[in-house]
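# Topology and contacts: notes
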Number of protein chains: 2
Amino acid sequence: MDELAQRILKDGRVLNENVLKVDSFLNHQVDVRLIDQIGQTFFEHFRNRGINKILTVEASGISVACSVARCFHVPMVFARKNQSLVLNNDLFTAEVFSFTKQQKLQIFVRKQFIEPCDRVLLVDDFLARGEALKGLADIVKQSGATLIGAGIVIEKVFQDGGKRAREFGLEVYSLVQIASLDKNQIQFC
Amino acid sequence: MDELAQRILKDGRVLNENVLKVDSFLNHQVDVRLIDQIGQTFFEHFRNRGINKILTVEASGISVACSVARCFHVPMVFARKNQSLVLNNDLFTAEVFSFTKQQKLQIFVRKQFIEPCDRVLLVDDFLARGEALKGLADIVKQSGATLIGAGIVIEKVFQDGGKRAREFGLEVYSLVQIASLDKNQIQFC
C-alpha cells in the first residue's frame, strides 16, 4: 500500500513519540475511495481461507471493516464498548484497557453473531499495544469460532502489540508498519 | 425501501413500546449489501443538490454513512463522542442527551473537516427524539456550511424528533417510518 504510506506522510500528524493522527482520511473524516482500496488489499491477502465474518470494534474500525466485508460478501460485526456492562448471558465480553483514555472498557458482541462454525477475520485501523486485538481474539475464542487472522491498517511496531500477537500464533497482516515517531518523524519499517 | 421494511418485520425485535432492536443487520452485525442499497436510495433522493460531505455520529451511523459517501464520491465525517471534553479551539462541539444511556454526551468534529463552503447531508440509522440530529445540525450551523437535509434509515415517528426537525425547516428523508411499537407490534406509518 504505497498510496497509504504516501497519504500518511502527506496528511498524518505526529503529536508525540507515541501518537500519530490520521483523522483527516481514516478515523474522523474518512476517504471512502482509500478505505475501499484497503479493503480490497485485505481481501486479496486473506481470500480462499473460508472467511465468513469480519469482526472489528467501534468506532474507528467500522468503515474499514465494512469495505473488507463488501469484498468478501460476508457480514461485518462490530464489538460495542461500554464502561459498566450489566452481566448478560446473551453476550460475549472482554476487558480492554484504553491507553488513550487511560481507563478499562468492556467490549461485547451478542452471542448469536459469532457462532462456532464461523471463520473470523479481525480488522482494525491501528495496532499499538494490542489491547483491542486481544479483546477481539478473546471474544472469538469464547465463541468457539476459528480465528483466521487480523488485518491492520497501521501498525506501530515500537508498541509491541503486533509482536506479541504473532508470538501467540495470530497471523497479523499490517498494510503499513511504523518503526518510530521520534523527533516528530514518521519512520516506516 | 420495501426490502428494509420486510427485513425489520423479519429480524427486528421489539423490546418495549419505545425500543426496536435491529442489531442483526444494521447496528451491531451489519448486512453490507442492505446498507449499500440504503446508501443508493439516499443518493437518488438527494442527488443534484451539490452535496460534498456526509456527516454522521459514531458508532451506528458510520456504516450507512460510508455507503452514502461512496455513492456521492465525497468524504464522510463522523462526529466523535466524549463524556468530558476538554475545551479545544480546533473543535466544533454540541451537547446531546442520550435517552438510551440517560446521560449527556459531548459530540465534536474537528473544525477543518466542515468548512463554510460545504454542503452537508446528515445520515443516521435511527431518528427518535432527535437529539443526535439536533447536535449534528448545530455543528453544521457553527461551521457556516449549508445543511441540505438528513437521511434516516428508521424514524420512530411517535417520538417526535422528525416532526420537530421538519418544523424547523430541515428536510428529513426517512426510509421507514414507524408509527407505534405498542403491544409488541411494529406498526409502519
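Presented here is a report on the structure given in the accompanying data block. (Residues numbered from 1 in each chain as written. Chains lettered and ligands numbered in written order. Predicted model: local features only at pLDDT ≥ 70, side-chain atom pairs only at ≥ 80, totals over all residues. Heavy atoms only, no water.)

## Things to note about the interface of chain A and chain B
Formally: Only heavy atoms matter for contacts: two residues are in contact if any of them lie within 4.5 Å across the pair. Accessible area, probed at 1.4 Å, shrinks when two parts are joined; the buried area is that loss added up over both. What counts as a salt bridge is simple: a side-chain nitrogen of Lys or Arg found within 4 Å of a carboxyl oxygen of Asp or Glu.
Contacts between chain A and chain B engage 32 residues on the former and 32 residues on the latter. Summed over the three residues of chain A that lose the most area to chain B, namely A:His28, A:Gln29 and A:Arg70, the buried surface amounts to 26% of that side. Connecting chain A to chain B are four salt bridges. The shortest N-O distance in the salt bridge between B:Asp36 and A:Arg70 comes to 2.7 Å.

## Description of the relation of the copies chain A and chain B
As a reminder of what qualifies: Copies overlap after least-squares fitting; the atoms used are the C-alpha atoms of residues with pLDDT of at least 70 in both.
With an RMSD of 0.0 Å, chain A superimposes on chain B once it is rotated by 180° and translated 0.0 Å along the axis. This pairing of chains is accounted for by a two-fold axis. Judged by C-alpha distance, A:Ala59 is the residue of chain A that lies nearest the rotation axis, at 2.6 Å.

## Some details on the environment of A:Glu44
Residues and elements named next belong to chain A. Put simply, the rule reads: Secondary structure is summarised from DSSP: a helix means a run of H or I of at least four residues, a strand means a run of E of at least two, and numbering begins at the N terminus for each. Exposure categories follow from relative accessible area, calculated using a 1.4 Å probe and restricted to protein chains: below 20% of the type maximum is buried, above 50% is exposed, and the middle band is partly exposed.
Relative to the elements of secondary structure, Glu44 occurs in helix 2 (residues 32-46). Residue Glu44 is classed as partly exposed on the basis of its relative accessible area, which comes to 45%. As for Glu44 and His73, which are separated by 29 residues in sequence, their C-alpha atoms are 13 Å apart.

## Re the pattern of salt bridges
A full pass over the atoms with the stated rule returns 30 salt bridges over all chains. The partner of A:Lys104 in a salt bridge is A:Glu95, with the nearest N and O atoms 3.9 Å apart. Here A:Lys104 falls in the exposed class, since its relative accessible area comes to 53%. B:Arg7 is paired through a salt bridge with B:Asp11; the nearest N and O atoms lie 2.7 Å apart. Here B:Arg7 pairs with B:Asp11, and both are found in helix 1 (residues 2-11), just four residues apart, close to one helical turn. Sharing partners across several salt bridges, the network here consists of A:Arg7, A:Lys10, A:Asp11 and A:Asp31.

## Regarding the packing of aromatic side chains
Put simply, the rule reads: A pair of Phe, Tyr and Trp rings is counted when the ring centres sit within 6.5 Å of each other, with Trp represented by its six-membered ring. The angle between the planes then sorts it: under 30 degrees is stacked, over 60 is edge-to-face, the rest tilted. For a lysine, the NZ atom is tested; for an arginine, the CZ atom; a charge sits over a ring if that atom is within 6 Å of the ring centre and within 35 degrees of the ring normal.
Scanning all chains against the criterion turns up eight aromatic pairs over all chains. Ring centres 5.0 Å apart and planes at 80° place the aromatic pair A:Phe97 and A:Phe99 in the edge-to-face group. Relative to B:Tyr173, the ring of B:Phe42 has its centre 6.0 Å away and its plane inclined at 75°; by these criteria the two rings are edge-to-face. Taken together, the residues span a long stretch of sequence, with B:Phe42 in helix 2 (residues 32-46) and B:Tyr173 in strand 10 (residues 172-180) at a distance of 131 residues. Overall, the relative accessible area of 22% leaves B:Tyr173 in the partly exposed class. Grouped by ring-pair contacts, the aromatic residues A:Phe42, A:Phe46 and A:Tyr173 constitute a single cluster. Above the face of the A:Phe99 ring, A:Arg129 is positioned so that its terminal group lies 4.1 Å from the ring centre.

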